[in-house]
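Summary of the model geometry
What follows is the residue order along each chain.
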There are 2 protein chains.
Amino acid sequence: MIKVALLGCGTVGSGVIKLLADNKHVIARRAGHEVQVTKIMESDPEKVRALGLDDGIIAASIDEILNDDDCQIVIELIGGIEPAKTYIIEAMKKGKNVVTANKDLIASHGKELFEAAEENSVDFNFEASVGGGIPIIFPLKLSLAGNRIQEVIGILNGTTNYILTKMSGEKEPYEKVLQEAQQLGYAESDPTSDVEGYDAARKIAILASIAFNSRVSFEDVYVEGITRITPLDIKYGQELGFVIKLLAITKEEEDKIQVRVHPAFIPRTHPLAVVGGVYNAVFVRGDAVQDLMFYGRGAGQMPTASAVVGDIMEIVRDIEKNNTGRISCTCYLNKEIAAISKLKAKYYVRLLAKDRPGVLAGIAGVFGNHEVSLATVLQKDSNQGYAQLVLITDLVEESDLRSALKVLSEMDIVGAVENVIRLEGVSGHES
Amino acid sequence: MIKVALLGCGTVGSGVIKLLADNKHVIARRAGHEVQVTKIMESDPEKVRALGLDDGIIAASIDEILNDDDCQIVIELIGGIEPAKTYIIEAMKKGKNVVTANKDLIASHGKELFEAAEENSVDFNFEASVGGGIPIIFPLKLSLAGNRIQEVIGILNGTTNYILTKMSGEKEPYEKVLQEAQQLGYAESDPTSDVEGYDAARKIAILASIAFNSRVSFEDVYVEGITRITPLDIKYGQELGFVIKLLAITKEEEDKIQVRVHPAFIPRTHPLAVVGGVYNAVFVRGDAVQDLMFYGRGAGQMPTASAVVGDIMEIVRDIEKNNTGRISCTCYLNKEIAAISKLKAKYYVRLLAKDRPGVLAGIAGVFGNHEVSLATVLQKDSNQGYAQLVLITDLVEESDLRSALKVLSEMDIVGAVENVIRLEGVSGHES
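Every chain is numbered on its own, with residues counted from 1 as its sequence reads. Each chain takes a letter, starting from A, and each ligand takes a number, starting from 1, following the order in which they are written. Local features in this predicted model are restricted to residues whose pLDDT is 70 or higher, and side-chain atom pairs enter the listing and the counts only when it is 80 or higher, whereas totals over whole chains, interfaces and linings include all residues.

Each helix and strand counted, chain A has 15 helices and 18 strands in total. Radius of gyration: over C-alpha atoms. The globule rule applied is 2.2 Å multiplied by the number of residues raised to the 0.38 power. Relative to the 2.2 N^0.38 estimate, which gives 22 Å for 431 residues, the radius of gyration of chain A is 24 Å and therefore close to what a compact globule would have. Here the C-alpha coordinates of chain A stretch approximately 80 × 45 × 35 Å along the principal axes. Exposure criterion: with C-beta atoms placed from backbone coordinates, a residue whose C-beta has 20 or more other C-beta atoms within 10 Å is buried, one with 12 or fewer is exposed, and one in between is partly exposed. Per-residue burial over chain A gives 53% buried out of 431 residues. In this description, any two residues whose backbone-derived C-beta atoms lie within 7 Å of each other are considered to be in contact. For chain A, restricting intrachain contacts to residue pairs at least 6 apart in sequence, the fraction spanning at least 24 positions comes to 75%. Secondary structure follows DSSP: runs of H or I at least 4 residues long count as helices, runs of E at least 2 residues long count as strands, and numbering of each begins at the N terminus.

Here we come to the packing of helix α2 (residues 24–31) of chain A against helix α13 (residues 301–320) of chain A. Residues and elements named next belong to chain A. Note on geometry: axes are C-alpha line fits, over the in-contact stretch for helices, and angles between N-to-C directions span 0 to 180 degrees. Direction vectors running N to C along α2 and α13 enclose 40°, while the axes themselves pass 9 Å from each other. Classified by the angle between their axes, α2 and α13 sit oblique to one another. The chirality of how α2 crosses α13 is right-handed. Seen from α2, the contacting residues are I27, R30 and A31; seen from α13, they are V309, M313, V316 and R317. Orientation labels follow simple angle bins: below 35 degrees gives roughly parallel, above 145 gives roughly antiparallel, 65 to 115 gives roughly perpendicular, and whatever is left gives oblique. A clockwise turn of the near helix away from the far one marks a right-handed crossing, whereas an anticlockwise turn of less than a right angle marks a left-handed crossing.

Residues and elements named next belong to chain A. Taken together, the five strands give an open sheet; going across it, the order is β2-β1-β3-β4-β5, and neighbouring strands pair in parallel fashion. Two strands lie at the open edges of the sheet, namely β2 (35–41) and β5 (124–125), each paired on one side alone. In this scheme, strands are said to pair when DSSP sees at least two bridges between them. As paired elements, strand β1 (residues 2–7) and strand β3 (residues 71–76) share five bridges and run parallel to each other. Note on β3: the bridge partner recorded for K3 is C71. Along the sheet, α13 contacts β1, β2, β3, β4 (97–100) and β5; its crossing angle with β4, the most-contacted strand, is approximately 165°.

Between chain B and chain A, the contact holds 48 residues from the first and 48 residues from the second. When contributions to the side of chain B that touches chain A are tallied by element, the ones reaching two or more residues are α2 (24–31), α7 (137–141), β11 (290–297) and α13 (301–320) of chain B. Considering every element that reaches the side of chain B that touches chain A, the biggest residue donor is α13 of chain B, with ten residues. Three classes are used, and their members are as follows: Ala, Val, Leu, Ile, Met, Phe, Trp, Tyr, Cys and Pro are nonpolar, Asp, Glu, Lys and Arg are charged, and the others, Gly among them, are polar. Residues that form the side of chain B that touches chain A fall into these classes: 26 nonpolar, twelve polar and ten charged. With five bridges connecting them, strand β11 (residues 290–297) of chain A and β11 of chain B associate as antiparallel partners. What sits directly across from M293 of chain A, in β11 of chain B, is Y295 of chain B.

Residue and element names in this part refer to chain B. Along α2, the positions that sit buried rather than exposed are I27, R30 and A31. The arc enclosing the buried residues of α2, seen along the axis, measures out at 85°, which places them on a common side. Tucked into the core, α2 has its buried residues touching α1 (11–22), β2 (35–41) and α13. Phi turns positive one or two residues past the end of α2, at G32, with a value near 100°. The arc under discussion is defined with respect to the helix axis, by the directions toward the C-beta atoms.

Glancing now at the pairing of strand β9 (residues 256–267) of chain B. Residues and elements named next belong to chain B. Most of β9 sits out of view: ten of its twelve residues are buried. Summarising the sheet, strand β7 (residues 222–223) and β9 pair through two bridges and their orientation is parallel. Residue Y222 lies in a different strand from β9, and its bridge partner there is R260. Strand direction decides the pairing type here: strand β8 (residues 242–253) and β9, joined by twelve bridges, are antiparallel. The partner of V243 across the bridge, within β9, is I266. Taking the residues that link successive antiparallel strands as the turn, the β8-β9 hairpin has two residues, and the phi of E254 there is positive, at about 50°. As defined by bridge partners, β9 adjoins strand β12 (residues 336–337) across two bridges and the pair is classed as parallel. When the sheet's bridge partners are listed, I257 is paired in β12 with I337.

This next bit is on the nonpolar core. Joined through C-beta atoms within 7 Å, a set of buried Ala, Val, Leu, Ile, Met, Phe, Trp, Tyr and Cys residues constitutes a nonpolar core. I204 and V308 of chain A together with I204 and V308 of chain B are the most contacted members of the largest nonpolar core, which has 292 residues in total. Setting aside chain neighbours within four positions, we find I204 of chain B in contact with G154, L156, V221, A248, I249, T250, V259 and V261 of chain B.

In this model, chain A carries an average pLDDT of 95, and 99% of its residues clear a pLDDT of 70 or more. As scored by the predictor, the complex reaches a pTM of 0.96 and an ipTM of 0.95. Note: pLDDT gives the predictor's confidence per residue, expressed from 0 to 100.

This part is about the relation of the copies chain B and chain A. Fitting of the copies onto one another was done by least squares over C-alpha atoms, counting residues only where both copies have pLDDT of at least 70. The two copies are related by a screw operation: chain B maps onto chain A through 180° of rotation and 0.0 Å of translation along the axis, at an RMSD of 0.0 Å. Taken together, the turn and the small shift mark the pair as related by a two-fold rotation axis. Measuring from the rotation axis to each C-alpha of chain B, the shortest distance belongs to F294 of chain B, at 2.4 Å. With an isologous cut-off of 70% or more, the 100% of interface residues of chain B that recur at the interface of chain A puts this contact in the isologous class.

It is worth spelling out helix α15 (residues 398–409) of chain A at this point. Residue and element names in this part refer to chain A. Multiplying one less than the number of residues by 1.5 Å gives the expected span of a helix. In this model, α15 (twelve residues) spans 16 Å end to end at C-alpha, consistent with the 16 Å of a helix rising 1.5 Å per residue. Residues of α15 that are buried: L401, A404, L405 and L408. Relative to the axis of α15, the buried residues are bounded by an arc of 100° and lie together on one face. Turning to α15, the residues buried within the fold contact β14 (347–354), α14 (359–369), β16 (386–393), β17 (396–397) and β18 (414–423).

Now for the packing of helix α1 (residues 11–22) of chain A against α13 of chain A. Residue and element names in this part refer to chain A. At a closest axis distance of 8 Å, the pairing of α1 and α13 adopts a crossing angle of 65°. For the element pair α1 / α13, the angle class is roughly perpendicular. Note that α1 runs across α13; the crossing there is right-handed. Between α1 and α13, the residues in contact are T11, V12, S14, G15, V16, L19 and L20 and Q301, M302, T304, A305, S306, V308 and V309, respectively. By residue class, the composition of the contact of α1 with α13 is eight nonpolar, six polar and no charged.

This paragraph deals with the domain arrangement of chain A. Residue and element names in this part refer to chain A. Splitting chain A by domain gives domain 1 (2–133 + 301–320), domain 2 (137–297) and domain 3 (341–423). An automatic or database domain assignment is the source of the domain bounds shown. Taken over C-alpha atoms, the centre of domain 2 sits 25 Å from the centre of domain 3. Contact with domain 2, which involves eleven residues of that partner, is made by ten residues of domain 3. Listed by contribution, the elements that provide at least two residues to the side of domain 2 that touches domain 3 are α12 (231–239) and β9 (256–267). Per element, the largest residue contribution to the side of domain 2 that touches domain 3 is five residues, and it comes from β9.

Structure, rendered in C-alpha cells:
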C-alpha cells in the first residue's frame, strides 16, 4: 500500500479523497498498489469530518508529514506561493514525490521546484495545474515529444469563456454577465485574476515551458483581460465571421517565444470557436502531428481530482519500479521572449470617426504612412455626426499599428480609438 | 545511442525515418538518447533509396534483425496479421521492445501480443493504431486511470467522415461522393474496410479493451457501415437538429460492454458534431473527469509518424532506467459483451407509408404493441400515393423496435422500412 499525505482539504482536496475512496479497487488494480491518504493538513477540521474521516488523520504540523517515512507522496493543494513552496521543497528533500495543482507556484517558481525534484530523484507531477481534468501536460511531454511544437493556443479560463459565450449569445454587456456569473458561482467575488487574464497567463506559461523546452514565467506573459470587450465589438466580429475568445497563446518564431493572453477574434470555423461556456480547450500544432485539440472541463472538483489521481497513480508505478524522477525538468534551453511590439498579426480596429467626406481617406493615409495595410474597412452605425469605423488590417507589426493609432487618436476627425482586438487562427503565414 | 529496426518502409515507415532525421536533436535531448534506425526490412529497395539511405541498411531477412543484439526496438509497420504477428512475438522473445500501428493485429490477437510482451518484460506501444497522431492510448491508460470510464465515442475513420461531411454539405448521394473521395486519395479503390465500418471497429475494440480493462476483439464489435445512408435521411435529420456521423461507441452497462460501429445521428450541439472532413476525434466520459474530447488528424504520413516516434521515445526512457515492460497489459477483467438486440437507444426510422387516413394510427398501434413509444412523428414528402414518414422513438430496446418493424414491413399500408438510424448523445438516461 502506498501512503499519501494531503496538504489542503478544500474543494479539490475533498474531491481527491472521494475519488480515491469511490474508485479504490479500480485504482489499486490499475496502479499496482492501493493508495491511501494517511495524513491531512487542514486548519478547518470540519472539512475533514465532512468526508466521514476521523480527526486522527489531521496532522498537527507539516513536520509530522515530512518526518513520516512511510508517506511517499505529498499532494499539495493549498495553493498560493508560501507556505506551499517551502512545503513542496522540504517534502522533496525528504525523498517524497509531489503532486500539485498549483499553477501560481509553478508559473512563478517552476525552476526551483524542478531542480529540487531532480536533485532528490522524486517525481513532480502537475497535470491538474492546466486545464483541470484535460490531459495535456503528459501528452505534450510524452506522446508529442517527437514534434517541434509550433503553437499552443488555449481557452484556459472557464470564467471568462463563460462570460464571453454569454455576451456573444445574449448581446449583454460585460458588467451584467459578470454579475450573473458571480451569482451562479462561475466567477469569484473578486474576479480580477480571471477577467484580467492572470489565471490563463499562469497556465500558458506552464504549457510554453513544456512546448519549447525553455522556462517561461508568469512575468514573461503579455496579458490583456476581457473587461474592455463590448457587445458592439462582438456583433461586428460576428458579421465578419469571427467569434471572440480569451486566448492564451504561445508560439516559437525565429528562436524566440511569443507568449500572450488577450481577447482575440477567431474564425467561426476554427476548432476552438465551438468551445463554449465553462469548457476549456487546448489547440496544439506540431510539425509532424499537425492540428490537435484537447477539450474538456477546465475546472471543478472532480475533473481536477481526476488529474491529481492520475498523477498519483503514475508515481505509484514509478515507486513500484524504483524509478521515481523518471520525467524530470524538460527546460534545457534558454530562449528569449519576443516583445509584443514585434508581433505580426492581423487586427480588428474600431474607431469613432467624423461622418463626413474625406475622413476615410485621411484615416487610411495615416495607416499607410505607418506600413499598416487594410484588408477590410466597414462604415457602420452613425450617431451624432460620428460613424463606427471597423477595420481589419493585413498582417502588420504591432508597433506600427500602435504608432498609427497614436497619430489617429490625436486627429480631430477621430473621436476615439474604441477598441483593438487581435485576430488569431486566420490564414496568412502567421497568426 | 538507441538502435532501432524498421519493418516496412511504406508511407508511415518513411514518415518515421524522416521525422527521426528532421527532429534528431530535439528527440535526442527529450528522450535522453539519440535514436537511430540501423536496419530496415523492405522488399522494395526503391522506397529505402527514396529516403536517401544506402542499400546497406536493408536487412537480408528478419533473422538479421532478430539476431542483432544491438537493436533494442522493433517498429512493425508491415500491417496485416502474418507475418507481422510472428515477427513481433519473435522480437519480444529476443528482448526487443516493439512499437506498432497495426490495429488489425491488436484487435484480433491482442491477448497473445500482450502476453508475449509481459513474459519478456518488454514495452509494447501502439499509440498510432487508433486516431493517427491523436494521443489517446496513453491518456486513457495513464492520466485518466483514476476514472471509471463510462463511454468512449469516436469518429475513428477519416474516409467515412469525409464522405458523410460531403454528403451533408452538398446533398450528394453516397456513390458520387465516394468516387470523388477515391479520386482525391481519401478512399481506397476497394473501400470496403472503411465504408463498412471494419476499420473503425478494430480501433474501438482497442479503446474498449483499455477503457474497461477487458479484452475486446474485432469479432465482438457490432458493425454497420455507411452505404445505406441517403441524402434524404441526412436532410430529415438536419431538420430535426441532427448531424450524421459514423460512430464507434463503447460503453459499460450493468457490467457488460457495449461495443458497436454504426452511423448515428448526434445533436448539432455535441462536441463531435463539428468534427468534419478527414479529422478524427475521440469523446470520453469518465465518472470524475466528465466530458473530454481529443481531436486531430486520424491518418496521414506525418501525424501517424508522430505517434510512432512518441512511442519510441517512451521506450528509450524505459531502456535508460532499465525499466521496460513498465505498462503491461491492462485487461485483467473478463467482461461480457452486450448483445445489440438489448441496446436501449432512441431511433430515427424512415418508412414509406400509404398516404391515406388511418394509416398513421395503424402504424403507431404496431409500435405501441411492441413497447416502442414515439417521441416525434413527421409526415414528409408524398409521392405516388406514398408518404415519407419520419419517426423518432423514445428510449426503446432494439429487439422491440426490430419486432415492430418486421410486422410493419409485412403490412400493406407500409411500402417499405427505408432506414433505421440510432441516435447518440441525446438526453435520456442512456444513449
